[in-house]
Amino acid sequence: MTTLVTGATGNTGRHVVAELVRRGERVRALTRDPAANAGRFPAEVELVAGTHNEPETLDAALHGVDRLHVTVTAGLAEAGPELVRRAVAAGVRRLTVLWGGWVGPVEQAVADSGVEWTRLEAQEFMSNTLTWAASIRDEGVVREPYDLPSALVHEADIGAVAAVTLLDDGHAGQAYNLTGPESLTPSERLAILSRTLGRDITFQQITHEQAINRLTATGVSQADAEYVVGWYAESNDSSRTVDDTVPRIIGRPARTFTRWTTEHANRF
């Protein structure tokens, strides 16, 4: 059987591909530019052209596909239901969806698809720490509006859970809350990163409004900026409480933030 992975070159999608390949599966990786990304994947991965934000481009990519992994990204809310419809019409019989932070049109379309589905409700990604990289390199400073705990999850663990739920029975109709093994505040994460890098990093608190303005200055819409900053301002139990779902599904402990910092130290 063949699995198509959307968002295959992203922070989580590449780990879904890697885990499926590790388990000996036939994988198609969806990318806008297969030629430019050929070297990023094992030779046995079939790269196919297209974008999940334009489902009408995916008929060839979906041909012969039995399983589909969808990562909800910006702009997919409008196109996602059509993507799901085309996938089911093409013969996909099992879907996993990495949600966008809430049950929106794509997540609902998956739940209403009539085929086996699993929703991966990952909390904050450890890779979000990379947004600090430039200020750490340039100034040794991180500026954030809140210092509240978050049970960040390693992207490779998301990939491992996605592979299990795509390949193994018993996960249909489930919504899985995915966290890492620790709940850490930004200042606690910086302390770990400082130890890994061997240099001091300062945490400076900014206002809610400054954080929103910083995002909109990079081209993020006002609505999206308010959502992102608001998520940190009003963290809930699911986002700050360690959950045992990841180790229970993949059969090993969830990866720690210390491990993540070691893997990515060269980027800071």
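Summarised in this report is the structure supplied together with it. (Residues numbered from 1 in each chain as written. Predicted model: local features only at pLDDT ≥ 70, side-chain atom pairs only at ≥ 80, totals over all residues. Heavy atoms only, no water.)

## Quick look at the sheet that holds strand β4 (residues 67–71)
Adjacent strands of a sheet form backbone hydrogen bonds with each other and so pair up, either parallel or antiparallel.
Moving on, step 1. Spatial strand order, β3-β2-β1-β4-β5-β6-β8: 7 strands in an open sheet with parallel pairing. In the strand order of this sheet, the two ends are held by β3 (46–49) and β8 (174–178), each with one partner. On average, adjacent strands in this sheet sit at an angle of 20° to one another, irrespective of strand direction.
Moving on, step 2. When strand β6 (residues 116–122) meets β8, the two strands line up parallel, connected through 5 bridges. Paired with Glu121 across the strands is Asn177, a residue of β8.
Moving on, step 3. Contacts from helix α1 (residues 13–22) reach β1 (2–5), β2 (26–31) and β4, with the element oriented near 165° to β1.
Moving on, step 4. Lying on the sheet, helix α7 (residues 155–167) is in contact with β1, β4, β5 (94–98), β6 and β8; it crosses β5 at an angle near 160°. (Pairing = 2+ DSSP bridges. Helix = DSSP H or I, 4+ residues; strand = E, 2+ residues; numbered from the N terminus. Axes fitted to C-alpha atoms, helices over the stretch in contact; angles between N-to-C directions. Contact = heavy atoms within 4.5 Å.)

## Comments concerning a nonpolar patch on the surface
Moving on, step 1. The grouping of Trp102, Tyr227 and Val228 at the surface amounts to a nonpolar patch, some 280 Å² of accessible area in total.
Moving on, step 2. For Trp102, the location among the structural elements is in the loop between β5 and α5 (105–111).
Moving on, step 3. A relative accessible area of 47% means that Trp102 is categorised as partly exposed. (Patch = residues over 30% accessible without salt bridge, like charges linked within 9 Å, V, L, I, M, F, W, Y side chains within 5 Å. Areas by Shrake-Rupley, 256 points an atom, 1.4 Å probe, with all protein chains shown as cover. Salt bridge = Lys/Arg side-chain N within 4 Å of Asp/Glu carboxyl O. Buried < 20%, exposed > 50% of the residue type's maximum accessible area, 1.4 Å probe, protein only.)

## Structural notes on empty space enclosed by the protein
Moving on, step 1. Per the stated rule, a full pass over the model turns up 1 cavity of 30 Å³ or more.
Moving on, step 2. Quantified by volume, the largest cavity comes out at close to 30 Å³.
Moving on, step 3. As for the largest cavity, its lining consists of Asn11, Arg14, Ser127, Leu130, Glu155, Trp260, His264 and Arg267.
Moving on, step 4. Classifying every residue of the lining of the largest cavity gives 2 nonpolar, 3 polar and 3 charged. (1 Å grid on protein atoms, 1.4 Å probe; cavity = no way out; pocket = protein on both sides within 12 Å on 5 of 7 lines; lining within 4 Å. Points joined across faces, edges and corners; volume = space filled by probe spheres on them. Nonpolar A, V, L, I, M, F, W, Y, C, P; charged D, E, K, R; others polar.)

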